[in-house]
Amino acid sequence: MSLRIREVTKHFGALTALDSVSLEIARGEFVCFLGPSGCGKTTLLRVIAGLEQAEAGHVELDGRDLIELPAQARNFGVVFQSYSLFPNMTAARNIAYGLECRRQPRDRIRKRVDEMLALVGLQDHAHKLPSQLSGGQQQRIALARALAPDPQVLLLDEPLSALDAKVRVDLRLEIRALQQRLGITTIMVTHDQEEALTMADRIVVMRAGRIEQVGSGRELYGRPATRFVAEFIGRLNLLPQDGGMPALQHATETGAGRPAVLGIRPEAVRLHPAGTEGANHIPATVAQVVFLGSMTQLVLDPGNGMRPILAETHGPEAGGFEHGAQVVMELPADQLRVVEWQ
Amino acid sequence: MAIADTASTGIRQPRIWQRAPVLIGTLLVAGPLVVFVLWPLVAILMRSFSTPEGFGLENYASVLGTARFMRILTNSLDVTLVSTGIAVVLAYGFAYGVQRTLMPGKAVFRLLVLVPLFAPSLVQAQGLVLLFGRNGLINRTFGTSFDIYGYWGIVLAMVLYVLPYAFLILSTALAVADQRLYESARILGAGPWRIFRTITLPSSRYGLAAAIFVCFTLVITDFGNPMVIGANYNVLATEIYNQVIGQANFERGTVIGMVLLVPAAVAAIWEKYLSRKQFALISDQSKPLELRPNPLRDWSFAALCTAISLAILSVVAVVIYASFVHLWPYRMTFSLRHYNFDVQNGIQPLWNSIYISLMAAVIGVIVVTAASYVIEKLRSPVTRGLYFLSILPAAVPGMVLGLGYVLAFNNPSNPVYAIYGTLLIIALANVYYYHAQGFLIASTSMKQVSGSFDEASATLGGTRLQTLWKVTLPVIAPTLVGVAVFFFMRSMVTLSAVIFLITPQTQVAAVSVLLLEDRGATNQAAAFSVCIMATVVAVLLAVRGMLWLLGWKHVRLIR
Ligand SMILES: Nc1ncnc2c1ncn2[C@@H]1O[C@H](COP(=O)(O)OP(=O)(O)O)[C@@H](O)[C@H]1O
Ligand SMILES: [Mg+2]
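Residues numbered from 1 in each chain as written. Chains lettered and ligands numbered in written order. Predicted model: local features only at pLDDT ≥ 70, side-chain atom pairs only at ≥ 80, totals over all residues. Heavy atoms only, no water.

Peer 1: Lay out the domain arrangement of chain B with the relevant residues and their values.
Peer 2: All names here are of chain B. For chain B, the domain assignment lists domain 1 (17–46 + 338–559) and domain 2 (66–236 + 294–335). Inter-centroid distance (C-alpha atoms) of domain 1 to domain 2 is 26 Å. Facing 30 residues of domain 1, the contacting portion of domain 2 comprises 30 residues. Considering only the surface of domain 1 that becomes buried against domain 2, Asn523, Met533 and Ile558 emerge as the three largest contributors, covering 20% of it. Applying the counting criterion to the domain 1 and domain 2 interface returns eight residue pairs in polar contact (both at pLDDT 80 or more). Only α22 (464–493), α23 (509–518) and α24 (522–550) provide two or more residues apiece to the side of domain 1 that touches domain 2. Looking at the side of domain 1 that touches domain 2, the element that brings in the most residues is α24, giving 12 residues. The residue makeup of the side of domain 1 that touches domain 2, split by class, is 21 nonpolar, five polar and four charged. (Domains from an automatic or database assignment. Contact = heavy atoms within 4.5 Å. Buried area = accessible area lost by both parts, 1.4 Å probe. Polar contact = N/O pair within 3.5 Å; in protein donor to acceptor, adjacent residues only side chain to side chain. Helix = DSSP H or I, 4+ residues; strand = E, 2+ residues; numbered from the N terminus. Nonpolar A, V, L, I, M, F, W, Y, C, P; charged D, E, K, R; others polar.)

This is the structure in structure tokens:
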């Protein structure tokens, strides 16, 4: 057991930023805090880093309570969204900073700095000032700076959000590979589900100061515990079981006769030629066709007051649908799940 | 590991390691501010109420009730309002020309208008007397009997004296603008005058208020110029001097000092009030202003700026001229004899000025940097109080602060008495007299050093002191050079804060100018003025050169 967060609570005035949050993170694990803006991800990260004081709760590392330790004494590496490289120092001196503050011998610092520069592939940029580096390079230096003092835990607050799309995707893989090579326990804050899915061992979905669900990307996508998680990760068609909706068979055990909101992922919707019949088969009109290369998105309008359904198809069948065509959509019972009881 | 004391209160209290640096920093900054700003003011206040029979209002009654005082008060307000009005309007035109037109020679104009900042604060009256006085160049050349002494002399001197200060503020206010606003106005069919009234003027409102405040305070508290050119036209500032130095009547001096505090304080409060209502006109989406050529506009402003620059320059030039002639205005042949300084203490006052200014530069930088660090970075319940103390001197006339030093520290039982009568106390008087401006420059820069650097440093194991030393100070170093130059320049030229503190041994050059002028030694006074200007310019050039060698560009030295 490595990092343990116990019942951490934090208020800003009347606002509850963290509401008794508890979480355990194993050594070497890569965890993402995922959630909409303002849900408390950064605040939780800052409490862990020692930059913010929680009013109650504990942060423990290998059984040792850190909550009274200032950030200086925690030895956690932090990478900030805005890089926060010291503008008056070269890349190399930025990396050396943490070691200088610990008064390490000079030749050891030099060796470590070279090591770190090689780690992030910026040996040639050692003597440049931050203002002379690109955004991606600055973020790599920030990463090297955070890693140089050999921290116990690496904390990243939306490290990629200020970068161009292309650089962002490259750095994602780079950071993940680096983390696995070093085996360092890492927490990354993000509001980008794709980022979380591609990088994390486990994802912590947060909402309004609470943890909504913790699990691997596959778990969260396949078995969302709440409607919030279901809607936040991937896209989801919601099917309230009332009004115009025909009764659908589904695999989930029924909840004492209460009406349920069912959900189905777009890629689980199956399409058949008009006239096909069977369980959970509903006729619909193709209202919109969006070609996205490897797949095609279709908006299907079943009419009689039901809301349109989003479907995704891959492969050869995708080409067969045109705007206004009549089709039958199948919502397979084993793919339908209850996302909320009413 | 101590268990957090959440059990008793439910709320975790800040630990001692968080409080100690805040406490120590606060004390280090608050202590000197209390001693060198608050104490002298309290001393003045107490003295103004002290009578032979204890505390009472007698001093006030004996001063405020008199017809003489009412006349002086009216004189002061009259001179102040008129010269402030004229100076601000002219400075606005000058700043508009520099920032919002494409007139030729902008860089030169910018420099020329700032020349008075390099000269002792009474150089305007000195120059005007040389030009328009009884023995002035004009009367001698044209055989006229033009009389500059009195009201108009003071107004003219004051306008020239405060113009550069107003220009600096207004130029900053007019420097930024949002092109999109001007484009939309033009598309909506607004003419130039309408655009000026509805966009330019409102967006520079805060700068205008600040300029009015600074000019008002400078004029009403200046006594060098009225001493030289005022003749029988008395104002509050000269009256304090007369009471304290002339008649050794400290009680009356303090009462007038208290009166002088009122308008300055009112102006300060008014300015604060206006600046609070200032809304952000510039956002990060703003487009910088693109100026288009407009020959009529550009040449009109070039003409205006030329006229103003000539007025400013002629005053300084005639002083330089006078310092090099045998005996103004009788023997106008070249001579260096006034640079022998065979008067009083010889050249010593100039050296005193230089020592004092160097001390003020060093101490001033340390003091205002510490104040801005503690106020911006170590928040605590007393932060607001510290901020108030830091900017309080802006509302205190120099003579009042200086008089406060005399009353508070010229007393063997006071610990500060140990340095009373030394150059150090004069340097300290200058540091605290200019504390508000120095502090605001430093703290603006400190604010730009984002708190995220402090946090980044903390997570890397840096202590507060390491962060300050390795990150914060190096980042703001260029600004601090500017602050040092600011303290040096002002200390070289100021009269008012030091006039009551000098002794024959610690006399400063600006006071020498005043005393020599008073004795009718016009040429020597001029030579002293020239020495002050030459020193300031030499230091400015030296600092520029040093910055150039260091590769630091865009450092603003003249404030
Ligand atoms: N220093 C602060 N003062 C007041 N409110 C804050 C402060 N920091 C964060 N908050 C508030 O706390 C909530 C959580 O913020 P944050 O943790 O930054 O969210 P996230 O990182 O998930 O976007 C937000 O509503 C935010 O406005
Ligand atoms: Mg955040």
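Peer 1: Tell me about the packing of helix α3 (residues 91–101) of chain A against α22(B), and please be specific about residues and values.
Peer 2: The description of two packed helices rests on the angle between their axes and on the distance between the axes. The contact between α3(A) and α22(B) brings their axes to 12 Å, and the two run at 150°. As far as their axial angle goes, α22(B) and α3(A) are roughly antiparallel. As for the relative orientation of α3(A) and α22(B), their crossing is right-handed in sense. Residue-level inspection shows A:Tyr97, A:Glu100 and A:Cys101 of α3(A) in contact with α22(B), the latter providing B:Gln466, B:Thr467, B:Lys470 and B:Val471. Looking at the contact of α3(A) with α22(B) residue by residue, the class counts come to three nonpolar, two polar and two charged. (Axes fitted to C-alpha atoms, helices over the stretch in contact; angles between N-to-C directions. Parallel < 35°, antiparallel > 145°, perpendicular 65-115°, else oblique. Left-handed = near helix turned anticlockwise from the far one by under 90°.)

Peer 1: Describe in detail the sheet that holds strand β1 (residues 3–12) of chain A, supporting the description with residues and values.
Peer 2: All names here are of chain A. If you trace the four strands from one edge of the open sheet to the other, you get β2-β1-β4-β5, paired in antiparallel fashion. Edge strands, defined here as strands with exactly one partner in the open sheet, are β2 (15–25) and β5 (64–65). Judged from the seven bridges that link them, β1 and β2 form a sheet pairing that is antiparallel. Bridge pairing links Phe12 to Leu15 in β2. With respect to the sheet, helix α1 (residues 41–49) is in contact with β1, β2 and β4 (56–61), its orientation differing from that of β1 by roughly 120°. (Pairing = 2+ DSSP bridges.)

Peer 1: Now, about the interface of chain A and chain B: what can you tell me, with residues and values included?
Peer 2: Tallying the contact residues gives 34 residues for chain A and 30 residues for chain B. Roughly 2600 Å² of surface becomes buried between chain A and chain B when both sides are summed, with 57% attributable to carbon and sulfur atoms. At the junction of chain A with chain B, the criterion picks out two salt bridges. Here B:Lys470 ties to A:Glu100 by a salt bridge, and the two come within 3.1 Å at their closest N and O atoms. Our count for the chain A to chain B interface comes out at nine residue pairs in polar contact (both at pLDDT 80 or more). (Salt bridge = Lys/Arg side-chain N within 4 Å of Asp/Glu carboxyl O.)

Peer 1: Tell me about the pairing of strand β15 (residues 295–301) of chain A, residues and numbers included.
Peer 2: Residues and elements named next belong to chain A. Most of β15 sits inside the fold, with five of its seven residues counted as buried. The pairing of strand β14 (residues 281–291) with β15 spans six bridges and is antiparallel. For Val289, the partnering residue across the bridge sits in β15 and is Leu298. The hairpin turn running from β14 into β15, its antiparallel successor, is three residues long, and Gly293 in that turn takes a positive phi close to 85°. (Buried < 20%, exposed > 50% of the residue type's maximum accessible area, 1.4 Å probe, protein only.)

Peer 1: Explain the domain arrangement of chain A to me, and be specific about the residues and the numbers.
Peer 2: A common measure of how large an interface is: the accessible area buried when the components associate. Residues and elements named next belong to chain A. Domain assignment breaks chain A into domain 1 (2–227) and domain 2 (235–341). A combined buried area of about 630 Å² lies between domain 1 and domain 2, and 44% of that area is made up of carbon and sulfur atoms. If you sort the residues of domain 1 by the area they bury against domain 2, Tyr221, Pro224 and Arg227 come out on top, with a joint share of 83%. Our count for the contact surface shared by domain 1 and domain 2 stands at zero salt bridges. Along the contact surface separating domain 1 from domain 2 lie three residue pairs in polar contact (both at pLDDT 80 or more). With three residues, helix α8 (residues 217–222) is the largest single contributor of residues to the side of domain 1 that touches domain 2.

Peer 1: Explain the site of ligand 1 to me, using residue names and the numbers behind them.
Peer 2: All names here are of chain A. For ligand 1, the full set of nearby residues is Phe12, Leu15, Ala17, Pro36, Ser37, Gly38, Cys39, Gly40, Lys41, Thr42 and Thr43. Here an oxygen atom of ligand 1 sits 3.2 Å away from a polar atom, N or O, in the main chain of Cys39. One of the backbone nitrogen or oxygen atoms of Gly40 is found 3.0 Å away from an oxygen atom of ligand 1. In isolation ligand 1 exposes 560 Å². Once the protein is present, 59% of that is buried. Looking at the shell around ligand 1, the elements that each hand over two or more residues are β2 and α1. (Near = heavy atom within 4 Å. Areas by Shrake-Rupley, 256 points an atom, 1.4 Å probe, with all protein chains shown as cover.)

Peer 1: So what's going on with the sheet that holds strand β6 (residues 76–79) of chain A? Residues and values would help.
Peer 2: All names here are of chain A. Read across the open sheet, the six strands follow the order β6-β7-β8-β3-β9-β10; overall the sheet is mixed. The outermost strands of the open sheet, each flanked by one partner alone, are β6 and β10 (210–215). Each neighbouring strand pair of the sheet contributes to a mean axis angle of 20°, computed without reference to strand direction. Here five bridges tie strand β3 (residues 30–34) to strand β8 (residues 185–190), and the two strands are oriented parallel to one another. Its bridge partner being in β8, Val31 is matched across the sheet by Ile187.

Peer 1: Give a description of the side chain of A:Thr190 that names residues and reports values.
Peer 2: All names here are of chain A. Structurally, the position occupied by Thr190 is in strand β8. A distance of 3.1 Å separates polar atoms of two side chains, one belonging to Thr190 and the other to Glu195. Look past the residues within four positions of Thr190 in its chain and what remains in contact with it is Cys32, Phe33, Leu34, Gly35, Lys41, Glu158, Glu195 and Ala196.

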